[in-house]
Amino acid sequence: MSKVAHIIGNGDMAAMYKPAKGIKVTCNLPPFAVQNVFSTFMVDFKMMKAIDEGSVVVPGEWILGARPKKWMEMRPDFYMKYAPQIKGFYLELPKYVANYTDFNCGHMATHYVANKMKATEIHMYGFDSMFEFNMRSTTDLFLHSDRSNMNNNRLINNWRPIWTKMFEEFSDTQFVLYHKHGNLKFPVPKNVEVRTKN
C-alpha cells in the first residue's frame, strides 16, 4: 500500500501544487495557505529570530532542525512560549551531508518524510534550484538572504549533490518533482520522475 506525501517548498514552482490526498508538509512559511498540513519544517536561526521578534508568524505545528534546537537551548523562554507548536526536533544528518548548514529546509523535510514517515511516493513542489540557477524563495520576502551570484553558486553546488545521494538512499521511494521544464541540473536515479504539469 502506498503512502503519499507532498512537500511544498518556497520556490516559484510551489504554485504547481494543487490540493491532493496524502500527507502535506511545508518549509518555513509556505507561499500560500495549505490545508491539513502535518507540519512545517524549519532549520535556520534567522527564522527563530524573526518569530521571536514577531516579524513572522508560522502557523501550525513545527518540526525543527539542529540550529533551532540550539536557539531553544540558548533561549528557554522562547522554547516555553512556542512549545505547544513544536511537534519535534529532527537531528539526523545523513553521512553524505558535511554539516547542518548544507542541509537545507527542503532536504530535512524530504529526509524526514522518507525516513521517519516511510512515504513510498513523495511529490515535491517549489524546489527550483534543482532545475535552474534560481534561488528565489518566498522566505526572502520577509527575511534577508544573500542572493549574490557567488553565494547562490556556492549553495547550489552544496545542495544538488545531497539530492542525488538522498534519492539513492531511499531507492524504494518514488520521488516526483514538479517544474515548468524537465531539465534537472544533476544526475538522479530511476526512482525520480519530473512532471511539467499537475
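Computed from a prediction, not measured in an experiment: that's the story for all the values here.

Caption draft 1: Inspection of empty space enclosed by the protein at higher detail. Using the criterion set out here, one finds 1 cavity of 30 Å³ or more in the structure. Considering only enclosed or pocket space, the largest cavity measures out at about 50 Å³ in volume. Taken together, V43, G65, A66, R67, Y90, Y100, F103 and M108 make up the full set of residues lining the largest cavity. Residues that form the lining of the largest cavity fall into these classes: 6 nonpolar, 1 polar and 1 charged.

Caption draft 2: Inspection of unusual backbone geometry at higher detail. We note that N36 has phi near 55 degrees; this positive angle belongs to a residue other than glycine. Positioned with a positive phi, K118 is a non-glycine residue whose angle comes to about 60 degrees. By the element assignment, K118 lies in the loop between α4 (105-115) and β6 (121-125). Residue classification places K118 among the exposed residues on the basis of a relative accessible area of 54%.

Caption draft 3: Examining the pattern of salt bridges more closely. Counted according to the given criterion, the structure contains 8 salt bridges. The closest approach of N and O atoms between R67 and D44, which form a salt bridge, is 3.2 Å. With R67 in helix α2 (residues 66-74) and D44 in the loop between β3 (37-42) and α1 (45-53), this pair connects stretches of sequence that are 23 residues apart. We classify D44 as buried; its relative accessible area is 18%. Ionic pairing is found between E61 and K87, a salt bridge with its closest N-O pair at 3.0 Å. Pair noted here: E61 is in the loop between α1 and β4 (62-64) and K87 is in strand β5 (residues 86-89), with a separation of 26 residues, a long-range link. Here the salt bridges share partners, and the residues they tie into one network are D52, R75 and D77.

Caption draft 4: Inspection of the sheet that holds strand β7 (residues 174-178) at higher detail. Strand order in the open sheet formed by 8 strands is β5-β4-β3-β2-β1-β6-β7-β8, and the pairing between neighbours is parallel. Sheet topology places β5 and β8 (192-195) at the edges, where each strand pairs with a single neighbour. Across the sheet, the axes of successive neighbouring strands diverge by a mean angle of 25 degrees, strand direction being ignored. Bridge count between β6 and β7: 5 bridges; the pairing is parallel. Counterpart to H123 in the pairing with β7 is V176. Sheet strands in contact with α4 are β1 (4-8), β2 (23-27), β3, β4, β6 and β7, and its direction is about 135 degrees off that of β3.

Rules used in this analysis
- Residues numbered from 1 in each chain as written.
- Predicted model: local features only at pLDDT ≥ 70, side-chain atom pairs only at ≥ 80, totals over all residues.
- Heavy atoms only, no water.
- 1 Å grid on protein atoms, 1.4 Å probe; cavity = no way out; pocket = protein on both sides within 12 Å on 5 of 7 lines; lining within 4 Å.
- Points joined across faces, edges and corners; volume = space filled by probe spheres on them.
- Nonpolar A, V, L, I, M, F, W, Y, C, P; charged D, E, K, R; others polar.
- Helix = DSSP H or I, 4+ residues; strand = E, 2+ residues; numbered from the N terminus.
- Buried < 20%, exposed > 50% of the residue type's maximum accessible area, 1.4 Å probe, protein only.
- Salt bridge = Lys/Arg side-chain N within 4 Å of Asp/Glu carboxyl O.
- Pairing = 2+ DSSP bridges.
- Axes fitted to C-alpha atoms, helices over the stretch in contact; angles between N-to-C directions.
- Contact = heavy atoms within 4.5 Å.

Geometric descriptors of this kind do not, in isolation, establish any biological role.
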